[in-house]
Amino acid sequence: IAGITQAPTSQILAAGRRMTLRCTQDMRHNAMYWYRQDLGLGLRLIHYSNTAGTTGKGEVPDGYSVSRANTDDFPLTLASAVPSQTSVYFCASSDRLGTQYFGPGTRLLVL
Amino acid sequence: GQNIDQPTEMTATEGAIVQINCTYQTSGFNGLFWYQQHAGEAPTFLSYNVLDGLEEKGRFSSFLSRSKGYSYLLLKELQMKDSASYLCAVRDVGGGNKLTFGTGTQLKVEL
């Protein structure tokens, strides 16, 4: 693999179900990020990790959790999905200069 | 915190020049990024400014004035493939490499 991959590409989920969005990068970047993108609201940061073993809350963290067990993987978990979590989710990582590189996104519909 | 403003939409003609403005208010400033995002795709990095002045990269240039809290992205010799959303993002001094994004400017290039 090259760059950042995300899985699944898209998902339809029943409200109340648990869901984990996967993100893997092979660029050995220390910092990784999860965003959601909604029409008219732009990209909003959910959670971030500056290095393996550490995580932090972004602008809209409620209802989401993350873990960073190693450098490459940064999964995002919705413990109990709600319709307002319908969105496009992007994972990103940043190089030493701070430039962020984005994965292809996961389109999530919560019904 | 950060507050970032960009026009919502712009229309320009193929072959022309277009300038997309971005103004920001921030408690601390540590760089400004421009990203391009085609419909249904991930954002891709275009340019980075941390010092005042113009950065040129092919048909795209980006300008920054830190004292005015102002940046613009200049696209020359517009092509149809330049139709996309252009996102302005600011990094603050205390947040590692976290970015705050504007809501984006949707550019439509017409014949």
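Here, the structure is the one placed above.
Let us look at the structure shown here. (Residues numbered from 1 in each chain as written. Chains lettered and ligands numbered in written order. Predicted model: local features only at pLDDT ≥ 70, side-chain atom pairs only at ≥ 80, totals over all residues. Heavy atoms only, no water.)

1. Things to note about the packing of aromatic side chains
Two numbers describe a pair of aromatic rings. These are the distance of the centres and the angle of the planes. Taken as a whole, this structure holds 16 aromatic pairs over all chains when the rule is applied. With centroids separated by 5.0 Å and ring planes inclined at 15°, the aromatic side chains of Tyr24(B) and Phe29(B) adopt a geometry described as stacked. Looking at Tyr24(B), the relative accessible area reads 6%, which means it is buried. Centroid distance Phe33(B) to Tyr48(B): 4.6 Å. Interplanar angle 35°. Geometry classified as tilted. Of this pair, Phe33(B) sits in strand β4 (residues 32-37) while Tyr48(B) sits in strand β5 (residues 44-49); the two residues are 15 residues apart in sequence, bridging distant segments of the chain. Taken together, the ring pairs connect Tyr33(A), Tyr35(A), Phe90(A), Phe102(A), Phe33(B), Tyr35(B), Phe45(B), Tyr48(B) and Phe101(B) into an aromatic cluster. (Phe/Tyr/Trp six-rings, centres within 6.5 Å; stacked < 30°, edge-to-face > 60°. Buried < 20%, exposed > 50% of the residue type's maximum accessible area, 1.4 Å probe, protein only. Helix = DSSP H or I, 4+ residues; strand = E, 2+ residues; numbered from the N terminus.)

2. Points about the environment of Met32(A)
Residue and element names in this part refer to chain A. Summarising the element assignment, Met 32 is placed in strand β4 (residues 31-38). Residue classification places Met 32 among the buried residues on the basis of a relative accessible area of 0%. Those residues in contact with Met 32 that sit more than four places away from it in its chain are Cys 23, Gln 25, Tyr 48, Ser 49, Arg 68, Thr 71, Asp 72, Phe 74, Cys 91, Ala 92 and Ser 93. (Contact = heavy atoms within 4.5 Å.)

3. Considering the interface of chain A and chain B
Listed as interface residues are 20 residues of chain A and, on the opposing side, 16 residues of chain B. For the pair chain A and chain B, the summed buried area comes to about 1,400 Å², and 55% of that belongs to carbon and sulfur atoms. When the buried surface of chain A facing chain B is broken down by residue, Leu43(A), Gln100(A) and Phe102(A) rank first, second and third, together holding 28% of it. The tally of links between chain A and chain B comes to 6 residue pairs in polar contact (both at pLDDT 80 or more). Listed by contribution, the elements that provide at least two residues to the side of chain A that touches chain B are β4, β5 (42-49), β9 (87-94) and β10 (100-102) of chain A. (Buried area = accessible area lost by both parts, 1.4 Å probe. Polar contact = N/O pair within 3.5 Å; in protein donor to acceptor, adjacent residues only side chain to side chain.)

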